[in-house]
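The lines below spell out each chain.
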Amino acid sequence: MGNLLFIVLGLALLIFGGNWLLKSAVALSLRLAIPKIVIGMTVVSFATSAPELIVSVKAALDGFPDLALGNVVGSNIANLGLVLSITVIMGSIDVRKGFYATDWPMMMVSSFLFFGFIYFDGVLQRYEGIIMVALLFVFLVYLLRYQKPAVVDEMPEDDVILPLYKIALFLGVGGVALWGGSELLIKGAVGMASTFGVSDRVIGITVVSVGTSIPELAASVIAVLKKEKAISLGNLIGSNIFNLLAVLGITSIITPITVMDQGLLTSDIFWMLGISFLILPLVFFPKGLRLGWRDGIFLLAVYAVFVYMTLK
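Below or above, wherever it landed, is the structure these notes cover.

Quick notes on the rules
- Residues numbered from 1 in each chain as written.
- Predicted model: local features only at pLDDT ≥ 70, side-chain atom pairs only at ≥ 80, totals over all residues.
- Heavy atoms only, no water.
- Patch = residues over 30% accessible without salt bridge, like charges linked within 9 Å, V, L, I, M, F, W, Y side chains within 5 Å.
- Areas by Shrake-Rupley, 256 points an atom, 1.4 Å probe, with all protein chains shown as cover.
- Salt bridge = Lys/Arg side-chain N within 4 Å of Asp/Glu carboxyl O.
- Helix = DSSP H or I, 4+ residues; strand = E, 2+ residues; numbered from the N terminus.
- Phe/Tyr/Trp six-rings, centres within 6.5 Å; stacked < 30°, edge-to-face > 60°.
- Buried < 20%, exposed > 50% of the residue type's maximum accessible area, 1.4 Å probe, protein only.
- Core = buried A, V, L, I, M, F, W, Y, C linked by side-chain atoms within 4.5 Å.
- Contact = heavy atoms within 4.5 Å.
- Expected span 1.5 Å × (residues − 1).
- Lys, Arg positive; Asp, Glu negative; His and termini not counted.
- Polar contact = N/O pair within 3.5 Å; in protein donor to acceptor, adjacent residues only side chain to side chain.
- Bend = angle between axes of the 7 residues up to and from the residue.
- Axes fitted to C-alpha atoms, helices over the stretch in contact; angles between N-to-C directions.
- Parallel < 35°, antiparallel > 145°, perpendicular 65-115°, else oblique.
- Left-handed = near helix turned anticlockwise from the far one by under 90°.

Notes on a nonpolar patch on the surface
Working step 1: Together, Ile89, Trp293, Ile297 and Leu300 make up a nonpolar patch on the protein surface, roughly 360 Å² of accessible area in all.
Working step 2: A per-element tally of the nonpolar patch places helix α12 (residues 293-311) first, with three residues.
Working step 3: Here Trp293 is to be found in helix α12.

Structural notes on the packing of aromatic side chains
Working step 1: In this structure the tally under the stated criterion is ten aromatic pairs.
Working step 2: Residues Tyr119 and Phe120 carry aromatic rings whose centres are separated by 5.4 Å and whose planes lie at 90 degrees to one another, so their mutual orientation is edge-to-face.
Working step 3: Given a relative accessible area of 33%, Tyr119 falls into the partly exposed group.
Working step 4: Linked through ring pairs, Phe115, Tyr119, Phe120 and Phe270 together constitute an aromatic cluster.

Concerning the environment of Gly191
Working step 1: Residue position: Gly191 is located in helix α7 (residues 164-196).
Working step 2: For the pair formed by Gly191 and Leu4, sequence separation is 187 residues and the distance between their alpha carbons is 8.9 Å.

Observations regarding the nonpolar core
A general tendency of soluble globular proteins is for nonpolar side chains to be buried together.
Working step 1: Counting residues in each nonpolar core, the largest one holds 56 residues, and the members touching the most others are Leu84, Phe114, Leu233 and Leu248.
Working step 2: Contributing elements (two or more residues each) for this core: α3 (50-61), α4 (65-90), α5 (98-119), α6 (126-146), α10 (233-254), α11 (263-284) and α12.
Working step 3: Setting aside anything within four residues of it in sequence, one finds Leu233 in contact with Leu84, Ile93, Val95, Phe99, Ile279, Val283 and Leu291.
Working step 4: Formed by 19 residues, the second largest nonpolar core is a distinct cluster that contains Ala60, Leu178, Ala193 and Ile203.

Points about the environment of Val208
Working step 1: Relative to the helices and strands, Val208 is located in helix α8 (residues 200-212).
Working step 2: For Val208, a relative accessible area of 2% translates into the label buried.
Working step 3: Spatially, the C-alpha atoms of Val208 and Glu52 are 9.0 Å apart, while their sequence positions differ by 156 residues.
Working step 4: Look past the residues within four positions of Val208 in its chain and what remains in contact with it is Val55, Leu67, Asn71, Leu185, Ala189 and Ile203.

Some remarks on α11
Working step 1: In a regular helix each residue adds 1.5 Å, so 22 residues correspond to 32 Å; α11 covers 32 Å between its end C-alpha atoms and thus fits that length.
Working step 2: Along α11, the residues classified as buried are Gly263, Leu264, Leu265, Asp268, Ile269, Met272, Leu273, Ile275, Ser276, Ile279, Leu282 and Val283.
Working step 3: Residues of α11 that are buried make contact with α4, α5, α8, α10, β4 (290-291) and α12.

Considerations on the side chain of Asp66
Working step 1: Mapped onto the fold, Asp66 is located in helix α4.
Working step 2: Nearest to the buried, unbridged Asp66 among oppositely charged side chains is Arg201, at 7.0 Å.
Working step 3: There is a polar contact of 2.7 Å between the side chain of Asp66 and the backbone nitrogen of Asp261.
Working step 4: Setting aside anything within four residues of it in sequence, one finds Asp66 in contact with Asp200, Arg201, Thr258, Val259, Met260 and Asp261.

Some remarks on α8
Working step 1: With 13 residues, α8 should cover 18 Å at 1.5 Å per step; its first-to-last C-alpha distance of 16 Å lies more than 12% under that length.
Working step 2: The largest bend along α8 reaches roughly 25 degrees and is located at Thr206.
Working step 3: Of all 13 residues making up α8, ten are buried, and the element is well covered by its neighbours.
Working step 4: By the burial criterion, the buried members of α8 are Arg201, Val202, Ile203, Gly204, Ile205, Thr206, Val208, Ser209, Gly211 and Thr212.

Concerning the packing of α3 against α10
Working step 1: Their axes nearest at 9 Å, the elements α3 and α10 cross at an angle of 30 degrees. Classified by the angle between their axes, α3 and α10 sit roughly parallel to one another. Between α3 and α10 lies a crossing of right-handed hand. Two secondary-structure elements touch here, α3 through Glu52, Leu53, Ser56, Val57, Ala60 and Leu61 and α10 through Asn243, Ala246, Val247, Ile250, Thr251 and Ile254.

Below, the structure written as structure tokens:
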């Protein structure tokens, strides 16, 4: 019971911390007159992936590498199998050309790069992390230079220039909440793994990964209820690219990550590749360039099978 409480409190702190960090980052960017596109592609992406990054770095430094890997691989599966499925069940999404021209190919390149780095030796080395972060930088520069029209200001009502003391307060409180939340979440996750006799990888790939994907899920549901298409397929794919290249890249630069539970290499990583590939045919069939409720139910069923196979 104590472990569950740690997990719930940790997740709550991560969600609030990420939101406060995002608020302060956007306000600071507006105060410095940084273009919206730069805010969206860098500041916002980083802030919404902050829970994954903090949890993965902390887990790796504390000697729980499978939690770090499971968190990212599980989050990528959850973003598409859980978050996207619930979003399109509630309201269909029209897919832009950028999906098959840029977003999806880049997600697959990132996924296969990660696969190639970790599958054969079971270690994500420091130099491999540097390559991953460098690739992300090149991708961001490409988006900023050539894909400007594709980026829409989705929440103009949130564009409030806060006073500097509020920016500092949100930044400080958000950072402390993220740190405290990661401490509690990892303590609870490791304790739960010991209690139920399952590996850190299983807890990371299920409980922790879904927890760190909650901000995306909450934003998706709010967007649908507001009748806004604020959360597009491209946003979730962008999150997956960022998780792989930034979260695992930065974590492995700080400390190399070694796979402890081989299930990550024999099962989880193939589920991640499979569900990532699956999005392409679903976008084109049965209705071209649209994801509807049938696609959502199918993706949710795939995710349910994945969780069942992982826990059994």
